[in-house]
Amino acid sequence: MSPNRILLLLLFSFLAGIRGVALGPAPLWPAEGSEAVPTELELSWEVGVQEDLMINGGFESGVTGWIHITSGLSVLEAIQTADAAEGARLGRLMMRTPRTFADIFIFQSVTLPSYPATIALRWKDATMGGGSLQGTYRVLATATGPGVTVLYSSTVGINDSFETWNPHEADLTAYRGRPTIIEFGMTNRIAEPMQLRLDDVRLEVTPTAPLFEVFLGTSATLGSAQRIYRGSSSSTPVAGLAPGTRHFWRVDQLVGTKRIAGSVASFVTDGEIPPQAPVLSVQSVEGELIRIAIPTEAGRTYQLERSTDLSPNGWLAEGDPNSGTGDVIVVEAAMTPTEGCFFRVIAE
Ligand SMILES: [Ca+2]
């Protein structure tokens, strides 16, 4: 490693701290915002894979994040892609003036997470040269400890074409927990133009055997009181949920000593909210007149009944049924204070 690269490694290790917001598990079912979800169901999720460690790996923000040491030899730019499905732009690294035995390269320094995980580098490329055996193209990982690994290497020839993107994957698990330089470079052997196109460069950090904790409640605030599952499964059954009610849930992922919280998702259960039995209260008693307050819902009727002894067949209607208003209504009834009696309301 050249002194230049060591210095940059130190510099960018520290910038690496702004990256790496780990992703928590993603809900699979019910999907966020689902409605008419059964009140008995299996919640399921998938392991949270961290994918944001590279800066601008798709070159959609120009060449931001990519370090290009040029010495005037090469040009790095983000150019328009022909295929809209690939995003708007790709990265292009090319010789400015064809020269023999010239190195051109770009890199990023990334601190790979230290929790138990497999780490894969994925990218796709297309190369083009102006002569047969034009040069070599390689992808390297470098860190103190594991040293330099050639993740990929090939010859650049005249027959290469930009028509086809080549997808690649390389294992970086050995670099776990280390500040690592990931470099894409070419060496020219003959004085002909040479070009590398890159897109969708990303690191995927997949936790090894994570534990999950699942929280479920009817408020978006989910704490330990709402925890319904802890274990290594990717699903858990739940039953007896309130119908017609919005539920909130979240899955946290525990890897090593690290907790990675998922985002809160919500769904609405099927069915109507069952009507609540109204709770009566005595508003006032004046002589032989009692006023009873009944909380009501619009669209329902409320029939006050009275009994002197609470016997099952001893209840008698008191006045006419009252229509609910959505508010508290007050119903008056006559009673003899010295005898006492019981009131109830039948809501329909
Ligand atoms: Ca892109």
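The written sequence of each chain sets the order in which its residues are numbered from 1. Selection of residues for local features in this predicted model requires a pLDDT of at least 70, selection of side-chain atom pairs for listing and counting requires 80 or more, and totals for whole chains, interfaces and linings are taken over all residues.

Points about the overall build of the chain
Each helix corresponds to a stretch of at least 4 residues labelled H or I by DSSP, and each strand to a stretch of at least 2 residues labelled E; elements are numbered beginning at the N terminus. Summing up its helical and strand segments, the chain has one helix and 26 strands in all. The C-alpha radius of gyration of the chain comes to 34 Å, more than 25% above the 20 Å expected for a compact globule of 348 residues. Overall size of the chain, expressed as C-alpha extent along the three principal axes, is 115 × 40 × 30 Å. Buried residues are those with 20 or more other C-beta atoms within 10 Å of their own C-beta, exposed residues have 12 or fewer, and partly exposed residues lie in between; C-beta atoms are placed from the backbone. Within the chain, the fraction of its 348 residues that count as buried is 26%. Residue pairs qualify as contacts under a 7 Å threshold applied to their C-beta atoms, which are placed from the backbone. When contacts within the chain are restricted to residue pairs at least 6 apart in sequence, long-range pairs at least 24 apart make up 71% of them. Throughout, the radius of gyration refers to the C-alpha atoms, and the reference size of a globule is 2.2 Å times the residue count to the power 0.38.

What to know about unusual backbone geometry
For the bond from W29 to P30, the omega torsion is -10°, close enough to zero to count as cis. Tracing the sequence through the fold places P30 in the loop between β1 (26-29) and β2 (34-37). We note that F101 has phi near 55°; this positive angle belongs to a residue other than glycine. Inspection of the secondary structure puts F101 in the loop between β6 (89-95) and β7 (103-111).

What about the domain arrangement of the chain?
It is common to give the size of an interface as the accessible area that goes away when the parts come together. Start and end points for every domain follow an automatic or database-based domain assignment. By the assigned domains, the chain splits into domain 1 (20-48 + 210-269), domain 2 (52-206) and domain 3 (281-347). Centre-to-centre, using C-alpha coordinates, domain 1 lies 38 Å away from domain 2. Under the scheme applied, nonpolar residues are Ala, Val, Leu, Ile, Met, Phe, Trp, Tyr, Cys and Pro; charged residues are Asp, Glu, Lys and Arg; polar residues are all the others, including Gly. Of the residues in the side of domain 1 that touches domain 2, the class split is three nonpolar, two polar and one charged.

Remarks on the sheet that holds strand β21 (residues 289-295)
The strand order β20-β21-β25 describes an open sheet built from three strands, whose pairing is antiparallel. Every interior strand has two partners, whereas the edge strands, β20 (281-286) and β25 (328-334), have only one. When the angles between neighbouring strand axes are averaged without regard to direction, this sheet yields 20°. Should DSSP find at least two bridges between two strands, the strands are taken to pair. For β21 and β25, the ladder comprises seven bridges, and the chain directions are antiparallel. Bridge pairing in β25 places L289 opposite A334. Angles run from 0 to 180 degrees between N-to-C directions of axes, and those axes are lines fitted to C-alpha atoms, restricted for helices to the stretch in contact.

Quick word on the nonpolar core
A set of buried residues drawn from Ala, Val, Leu, Ile, Met, Phe, Trp, Tyr and Cys, joined through C-beta atoms within 7 Å, is what defines a nonpolar core. Core analysis: the largest hydrophobic core is formed by 38 residues, its most contacted members being I106, I119, L172 and L203. Those elements that place two or more of their residues in this core are β5 (74-80), β6, β7, β8 (117-129), β9 (135-143), β12 (179-188) and β13 (194-207). When residues of this core are assigned to their parent elements, the largest contribution, six residues, is made by β13. L43, W45, F215 and W249 belong to the second-largest nonpolar core, a separate cluster that totals eight residues.

Digging into the pairing of strand β10 (residues 147-156)
Here nine bridges tie β9 to β10, and the two strands are oriented antiparallel to one another. Bridge pairing links A143 to G147 in β10. Hairpin connection between β9 and β10: a loop of three residues separates the two successive antiparallel strands, and G145 in this loop has a positive phi of roughly 110°.

Considering the environment of G185
Mapped onto the fold, G185 is located in strand β12. Sequence separation between G185 and L93 is 92 residues; the distance between their C-alpha atoms is 8.7 Å. Beyond its immediate chain neighbours, meaning those up to four positions away, G185 contacts D103, I104, F105 and R138.

As for the environment of E204
Positionally, E204 belongs in strand β13. Classification of E204 by C-beta neighbours within 10 Å gives partly exposed; the count is 16. Distance from E204 to T118, taken between C-alpha atoms, is 8.0 Å for residues 86 residues apart in sequence. Sequence-distant contacts of E204, defined by excluding residues within four places in its chain, comprise V49, E51, A120 and R122.

With respect to the sheet that holds β7
Overall, antiparallel pairing links the five strands, which are arranged β4-β7-β12-β9-β10 in an open sheet. Two strands bound the open sheet, and with one partner strand each, they are β4 (67-68) and β10. Relative to β12, β7 runs antiparallel, the two sharing nine bridges. Residue pairing in the sheet places I106 in a bridge with F184 of β12.

A look at the confidence of the model for the chain
The predicted model of the chain has a mean per-residue pLDDT of 87, with 91% of residues at 70 or higher. A residue's pLDDT is the predictor's confidence in that residue, given on a scale from 0 to 100. Low confidence marks residues 1-20, where pLDDT is under 50. Its contacts with residues over four positions away, or in another chain, come to 25 contacts.

With respect to the environment of M95
Position of M95 among the secondary structure elements: in strand β6. Under the C-beta neighbour-count criterion, M95 is labelled buried, with 22 such atoms within 10 Å. Among residues more than four places away in sequence, those in contact with M95 are L73, S74, A102, I104, N188, P193 and M194.

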